[in-house]
Amino acid sequence: MHMAQQSVGKFRRQRLLIALVVAAMVLLLTLTFRFVQARSNIEQRSQDFANSAIDRFDRMLSPLDVSASNTLGLVGVPCQNVRFPLIEKIAALQTVRAVLLVDQDTIYCSSIYGERNLSFSLAFPELALNGQRMLLTTDAWLLKGSPVLLLWNPKSLDNRSGIVQIVNIELISNYLLVPELPWVERAILNVGNESLEYGNPLIEGTVPAEDEVKFEQASLRYPYTITLYGPAPWRLALATLPEQLPLALLLSLLFGYIVWMATANRMSLSWQINYGIGADEFRVYCQPLIDGGNGECAGIELLLRWHNPRHGWVAPDVFIPLAERHNLIAPLTRFVISKVVEQLPQLPQRSDFHIALNVAASHFRDCEIVHDLETLWWPAEPVPRLVLELTERDALPVVDQQVVAMLHKVGVQLAIDDFGTGHSSLSYLKDLQPDILKIDKIFTAAIGTDAINATVTDMVISLAQRLNISLVAEGVETAEQAEYLRLRAVDVLQGYFFARPMPIEDFSFWLRQFEMQRSQVNMNSASATQGTLA
Ligand code: C2E
Ligand code: CA
Ligand code: CA
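Residues numbered from 1 in each chain as written. Chains lettered and ligands numbered in written order. Predicted model: local features only at pLDDT ≥ 70, side-chain atom pairs only at ≥ 80, totals over all residues. Heavy atoms only, no water.

For the chain, the name recorded in an unreviewed UniProt entry is cyclic-guanylate-specific phosphodiesterase, with Candidatus Pantoea multigeneris as its organism. As its UniProt record puts it under Subcellular location (unreviewed entry), the chain is described as follows: "Cell membrane". The Catalytic activity (unreviewed entry) field of the UniProt record for the chain holds the comment "3',3'-c-di-GMP + H2O = 5'-phosphoguanylyl(3'->5')guanosine + H(+)". (UniProt positions renumbered as here; feature names shortened; annotations may be inferred.)

Take a look at the structure:
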């Protein structure tokens, strides 16, 4: 029983472990999932920010394209004739601070200052020589030092004539590049090699701070890019995890509980016994019973063995008590009966040959054992005699007298197993009217070593003999024990001294060997006797 409890404890620990592992995995997976989700949200936020900034810059620039192409016709016309139409256009555009007309590499007209005479390629080599269409620079004339964006629209293929629109970029960028904390800490407009950052009137190259990452997106219509700096998305996503913890914990507890409940059956030993019956994991073994008088094999006791592929060989002391508790003992006993029925033709066809079957007392309830014998045992028309060994680990309940009578009537003998131990008591002798008492192996082991138990052995022997009940001594391991029991006329002996339990299929081979040895011994002793007489 203790082993059975240990085994149940082991299964419970395994269940708990599995539930904990699942709970931990769910926790981890939920947090990972939420982390990945938060990170991609944050990345999407930066992307959206850049897209919308580019969209707005593009929308701000596109009317300037139209106005430039409308104004290109004025290039070459003397300045005093075009200045006022230029001022008019600028007023309509709002974003443009000034327009410069360039003819043959000469800036000859400014909407603000009127006539000029400056070399275009000296003033703006990026536009005149490098072929750039946009230039981020600082205003050299009106608001000295303030950032401006120059848009160059050439009129001729040689890039020497055209118009330059000067855009008030500081104002616009302060409006379009407002950072969006926490994912966008800095937003920057880049044209060529120059950059204009929100909140910084200086035009200069930028670098990310140590803990910032860079995100860059280019306009498809104009030669500029938007750069965003901000904390790494994984860092921000990590910071959101504490908020996710309650949900993740709840889910992990829920899944852990579901697994705990779901494995209640599958992981339990009783479930595995049930499964094992179907999966043919049980084997029927038998142990020979030896006649104490003539030394012949008087029968066999059937013993179950369980080879569980997950746990190896499981001792009957572990699974039998559990099977009894979970109402699985009857199916197991039915299995033993059907297996021994299969083997009947190989067993001795003698009516004094005993086949002892261990039966739990619960199997006696509602005549269940009688029905099982009717369907499984009797149809095989067995010649050997059946003995039912009554085993009850707790207390033998009041066994239905009717069942006992029915069994006796059909010639089935009853044995009380493990007599003298546990709960078996003298009252059973009256209630069950057993044909056989089995002396438990602890009493056999006491022979010659333990005076008290040996006295009990003697008392059980004389009790049985007075009541005319046959005796089987279990656990005979030594010649001394066998001799002691034979001298006291114990009817049947069983134990490792004669044979260990073996697969029932091997029994007929064992019996042949055993009988050959016995006849050999008999012959030797007969010739020895003859020799003595001669
Ligand atoms: P049990 O009915 O008292 O069976 C005898 C046990 O003693 C067997 O253990 C057997 O292998 C062991 N044994 C035999 N000779 C010796 C010996 O010389 N020395 C020692 N130390 N042991 C010996 P096993 O097969 O492990 O079975 C243990 C118990 O499990 C059985 O005790 C029986 O109560 C139960 N059991 C086994 N098979 C069945 C079954 O089919 N149905 C039921 N209800 N119980 C079973
Ligand atoms: Ca037994
Ligand atoms: Ca026993």
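That covers the picture; the talk isn't over yet.
Taken together, 23 residues are adjacent to ligand 1, and Arg-305, Asp-417, Lys-441, Glu-477 and Tyr-496 come closest. One of the side-chain N or O atoms of Glu-301 is found 3.1 Å from an oxygen atom in ligand 1. One of the side-chain N or O atoms of Asp-417 is found 2.9 Å from an oxygen atom in ligand 1. Relative to its unbound accessible surface of 790 Å², ligand 1 loses 90% to contact with the protein. Elements with a minimum of two residues in the shell around ligand 1: strand 12 (297-308), helix 8 (316-325), helix 9 (329-343) and strand 16 (413-419). In terms of residue count, strand 12 provides more of the shell around ligand 1 than any other element does, four residues in total. Partitioning the shell around ligand 1 into residue classes produces nine nonpolar, five polar and nine charged. (Near = heavy atom within 4 Å. Polar contact = N/O pair within 3.5 Å; in protein donor to acceptor, adjacent residues only side chain to side chain. Areas by Shrake-Rupley, 256 points an atom, 1.4 Å probe, with all protein chains shown as cover. Helix = DSSP H or I, 4+ residues; strand = E, 2+ residues; numbered from the N terminus. Nonpolar A, V, L, I, M, F, W, Y, C, P; charged D, E, K, R; others polar.)

Next up on the list: helix 5 (residues 169-176). For helix 5, the set of buried residues is Ile-169, Ile-172, Ser-173 and Leu-176. Mapping the buried residues of helix 5 onto a view down its axis gives an arc of 95 degrees, with all of them on the same face. With respect to the buried face of helix 5, the exposed residues turned more than 90 degrees away are Leu-171 and Tyr-175. (Buried < 20%, exposed > 50% of the residue type's maximum accessible area, 1.4 Å probe, protein only. Arc of directions from axis to C-beta.)

For the rest of this paragraph, the subject is the state of the cysteines. Throughout the structure, instances matching the rule amount to one disulfide. Note on cysteine connectivity: Cys-79 is disulfide-linked to Cys-109, with sulfurs 2.1 Å apart. Every disulfide takes its handedness from the sign of the S-S torsion; for Cys-79 and Cys-109 that torsion is 65 degrees, giving right-handed. Taken together, the residues Cys-79 in helix 2 (residues 79-93) and Cys-109 in strand 2 (residues 106-110) connect sequence positions 30 residues apart. (Disulfide = S-S within 2.5 Å.)

Before going further, it helps to spend a moment on the coordination of the calcium ion (ligand 3). Octahedral metals with six donors have ideal donor angles of 90 or 180 degrees. Tetrahedral metals with four donors have an ideal donor angle of 109.5 degrees. At the metal site, the calcium ion (ligand 3) is ligated by Asp-417 (OD), Asp-418 (OD), Glu-474 (OE) and Glu-474 (OE), and these contacts range over 2.0 to 2.6 Å. Look at where the donors of the calcium ion (ligand 3) fall in the sequence and you get D-D-x55-E. Here the calcium ion (ligand 3) and the calcium ion (ligand 2) are spaced 4.3 Å apart, with Asp-417 acting as a shared donor. (Donors = N, O, S within 2.8 Å, 3.2 Å for Na, K, Ca; no water.)

Here we come to empty space enclosed by the protein. Scanning the model with the defined rule gives three cavities of 30 Å³ or more in all. Estimated volume of the largest cavity: approximately 80 Å³. In terms of residue count, strand 1 (residues 96-103) provides more of the lining of the largest cavity than any other element does, three residues in total. Partitioned by chemical class, the residues of the lining of the largest cavity number seven nonpolar, one polar and two charged. (1 Å grid on protein atoms, 1.4 Å probe; cavity = no way out; pocket = protein on both sides within 12 Å on 5 of 7 lines; lining within 4 Å. Points joined across faces, edges and corners; volume = space filled by probe spheres on them.)

Turning our eyes to something else, we now look at the pairing of strand 2. Counting buried positions along strand 2 yields four of five residues, so the element is predominantly enclosed. Where strand 1 and strand 2 come together, four bridges link them in antiparallel fashion. Paired with Leu-101 across the strands is Cys-109, a residue of strand 2. Here strand 1 hands over to strand 2 after two residues, with Gln-104 in that stretch at a positive phi of 50 degrees. Direction of pairing for strand 2 relative to strand 3 (residues 114-119): antiparallel, over a ladder of four bridges. By the bridge assignment, Cys-109 is partnered in strand 3 with Glu-115. The hairpin turn running from strand 2 into strand 3, its antiparallel successor, is three residues long. (Pairing = 2+ DSSP bridges.)

This part is about the nonpolar core. Of all hydrophobic cores here, the largest spans 76 residues; its most connected members are Leu-302, Ile-355, Leu-388, Leu-407 and Phe-507. The element best represented in this core is helix 9, accounting for six residues. Non-local contacts of Leu-407, meaning those with residues more than four positions away in its chain, are made with Phe-364, Ile-369, Val-370, Leu-373, Leu-388, Val-412 and Leu-414. Judged by nonpolar contacts, the second largest core, of 50 residues, contains Phe-35, Leu-64, Val-96 and Tyr-222. (Core = buried A, V, L, I, M, F, W, Y, C linked by side-chain atoms within 4.5 Å. Contact = heavy atoms within 4.5 Å.)

So, about the packing of aromatic side chains. The final tally for this structure, using the stated rule, is 12 aromatic pairs. Measuring from centroid to centroid gives 6.0 Å for Phe-353 and Phe-507, while their planes differ by 45 degrees, and the two rings are tilted. Of this pair, Phe-353 sits in the loop between helix 9 and strand 14 (354-360) while Phe-507 sits in helix 16 (residues 507-533), and the two are 154 residues apart along the sequence. Note that Arg-15 overlies the ring of Trp-260, its terminal NZ or CZ placed 3.7 Å from the centroid. Taking NZ or CZ as reference, Arg-500 lies 3.9 Å from the ring centre of Tyr-496, over its face. (Phe/Tyr/Trp six-rings, centres within 6.5 Å; stacked < 30°, edge-to-face > 60°. Lys NZ or Arg CZ within 6 Å of the ring centre and 35° of its normal.)

Each turn of an α-helix holds 3.6 residues, which means side chains three or four residues apart point in the same direction. Taking 1.5 Å of rise per residue, 15 residues should cover 21 Å, and helix 9 covers 21 Å from first to last C-alpha, within 8% of that figure. Residues Ile-329, Ala-330, Leu-332, Thr-333, Phe-335, Val-336, Ile-337, Val-340 and Gln-343 constitute the buried set of helix 9. Residues of helix 9 that are buried in the fold lie against helix 7 (269-278), strand 11 (282-291), strand 12, helix 8, strand 14 and helix 10 (368-377). (Expected span 1.5 Å × (residues − 1).)

Right, let's get into the sheet that holds strand 1. Pairing is antiparallel across the open sheet formed by six strands, whose spatial order is 3-2-1-6-5-4. The open sheet has two edge strands with one neighbour each: strand 3 and strand 4 (134-138). In this sheet, neighbouring strand axes are inclined to one another by 25 degrees on average, regardless of whether the strands run parallel or antiparallel. For strand 5 (residues 147-154) and strand 6 (residues 162-167), the ladder comprises six bridges, and the chain directions are antiparallel. In the strand pairing of strand 6, Leu-149 is matched with Val-167. Each of strand 1, strand 2, strand 3 and strand 6 is contacted by helix 2, which is oriented at about 145 degrees to strand 1, the strand it contacts most. Contacting strand 4, strand 5 and strand 6, helix 5 runs over the sheet at an angle of about 110 degrees to strand 5. (Axes fitted to C-alpha atoms, helices over the stretch in contact; angles between N-to-C directions.)

To continue, consider the environment of Val-22. Relative to the assigned elements, Val-22 resides in helix 1 (residues 2-71). Taking relative accessible area as the criterion, Val-22 reaches 22% and is therefore assigned partly exposed. Separated by 231 residues in sequence, Val-22 and Leu-253 have C-alpha atoms that sit 9.3 Å apart. Those residues within four positions of Val-22 in sequence are excluded, and the remaining contacts are Phe-255 and Val-259.

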